[in-house]
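In case you want the letters, here they are:
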Amino acid sequence: MALLALVPAYLVTVTWTALQVVMAIALYSISARRLLALGSIGRVFYLLLFLTSLPLLHNFKYGQVSVLIVLGISLTLSYHREGRSTAGGLVLAAVASIKYYPAIALIYFVFLRDIRFLAAFAVGIFGFLGLLPALWLGLDGWWSYTSETIRTFPKYDMFLGAFGSQYFLHVALRWAYNLGQPLTEHGYHVLRWLFVALFIAHAAFAAWLYRQGGERGPILATAALFLYLPMAVTSSWTHYLVYLPLC
């Protein structure tokens, strides 16, 4: 994405908008055809849900990368469903190198015991997050950038009180406040660890659905995998939830 910085800002705006449209079309097509396997009527209904989705509109309004990230995760799950674990692991590594949070989906593949997928992800991370930026920035530049991103990685209390946060714990805090029952600091930490436990349980549940759900198992597992993300991703904003029409 650093290549976009080499051209004038107005041209970047036009280019990125065009790319957003292409990625949105790809996301709709891949999810409707390869994940959901919808018929004609189902595709029309899904298209209406997709185009009127508030997260999708937020993604376009703020020029975000959520469509790209969800497209990558959808491709990952599609490849895995087709038995192409290596391709799936590399795609997940690519999007996890842009936004770190997709990497939490690894726990799902740990429960599935897909060693080939995990190995491909590790190789991809080395290439996309290590080798490629080091070639672009130089070793010193790469080290400075990497250490700074790790230092500023969102902590559990970051965005606390932000009204737009969709992290489940922040939503629970807003409900408690609106109901006149604000949480104590102890209650906050209890809920925080509860959501961590729910996140792990949800990943195990998704793996169980994949194995036991029959023909619909993979898509049910996909929905479960997407829906648990706000339990674990503390920086969840509205545009992160582009996957909701698919679920």
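It should be emphasised that the depicted structure is a prediction, and the values quoted were computed from it without experimental measurement.

About the thresholds
- Residues numbered from 1 in each chain as written.
- Predicted model: local features only at pLDDT ≥ 70, side-chain atom pairs only at ≥ 80, totals over all residues.
- Heavy atoms only, no water.
- Axes fitted to C-alpha atoms, helices over the stretch in contact; angles between N-to-C directions.
- Helix = DSSP H or I, 4+ residues; strand = E, 2+ residues; numbered from the N terminus.
- Parallel < 35°, antiparallel > 145°, perpendicular 65-115°, else oblique.
- Left-handed = near helix turned anticlockwise from the far one by under 90°.
- Contact = heavy atoms within 4.5 Å.
- Nonpolar A, V, L, I, M, F, W, Y, C, P; charged D, E, K, R; others polar.
- Patch = residues over 30% accessible without salt bridge, like charges linked within 9 Å, V, L, I, M, F, W, Y side chains within 5 Å.
- Areas by Shrake-Rupley, 256 points an atom, 1.4 Å probe, with all protein chains shown as cover.
- Salt bridge = Lys/Arg side-chain N within 4 Å of Asp/Glu carboxyl O.
- Phe/Tyr/Trp six-rings, centres within 6.5 Å; stacked < 30°, edge-to-face > 60°.
- Buried < 20%, exposed > 50% of the residue type's maximum accessible area, 1.4 Å probe, protein only.

Considerations on the packing of helix α1 (residues 9-35) against helix α4 (residues 66-81)
Okay, step 1: Two numbers describe how α1 lies on α4: the axes approach to 9 Å, and their chain directions differ by 30°. When the axes of α1 and α4 are compared, the pair comes out roughly parallel. In this structure, the crossing between α1 and α4 has a hand that is left-handed. Residue-level contacts link Q20, M23, A24, A26, L27, I30, R34 and L35 of α1 to V67, L68, V70, L71, S74, L75, L77, S78, Y79 and R81 of α4.
Okay, step 2: Split into classes, the residues belonging to the contact of α1 with α4 amount to 13 nonpolar, three polar and two charged.

Looking at a nonpolar patch on the surface
Okay, step 1: On the surface, L3, L6, V7, Y10, L11, W136, L137 and Y145 cluster together into a nonpolar patch covering about 890 Å² of accessible area.
Okay, step 2: For the nonpolar patch, the elements supplying multiple residues, two or more each, are α1 and α7 (115-151).
Okay, step 3: Here the element with the most residues in the nonpolar patch is α7; it accounts for three residues.
Okay, step 4: Inspection of the secondary structure assignment puts L3 in the segment before α1.

As for the packing of aromatic side chains
Okay, step 1: Evaluated as defined, the whole model comprises eleven aromatic pairs.
Okay, step 2: Measuring from centroid to centroid gives 6.3 Å for W142 and W143, while their planes differ by 50°, and the two rings are tilted.
Okay, step 3: Under the relative-accessibility criterion, W142 is labelled partly exposed at 22%.
Okay, step 4: Residues F205 and W208 carry aromatic rings whose centres are separated by 6.2 Å and whose planes lie at 15° to one another, so their mutual orientation is stacked. Taken as a pair, F205 and W208 lie in helix α9 (residues 185-212) at a separation of three residues, close to a single helical turn.
Okay, step 5: With a relative accessible area of 40%, F205 lands in the partly exposed category.

Some words on the environment of A2
Okay, step 1: Topologically, A2 is positioned in the segment before α1.
Okay, step 2: Sequence spacing of A2 and I69 is 67 residues, and the spatial spacing of their C-alpha atoms is 17 Å.

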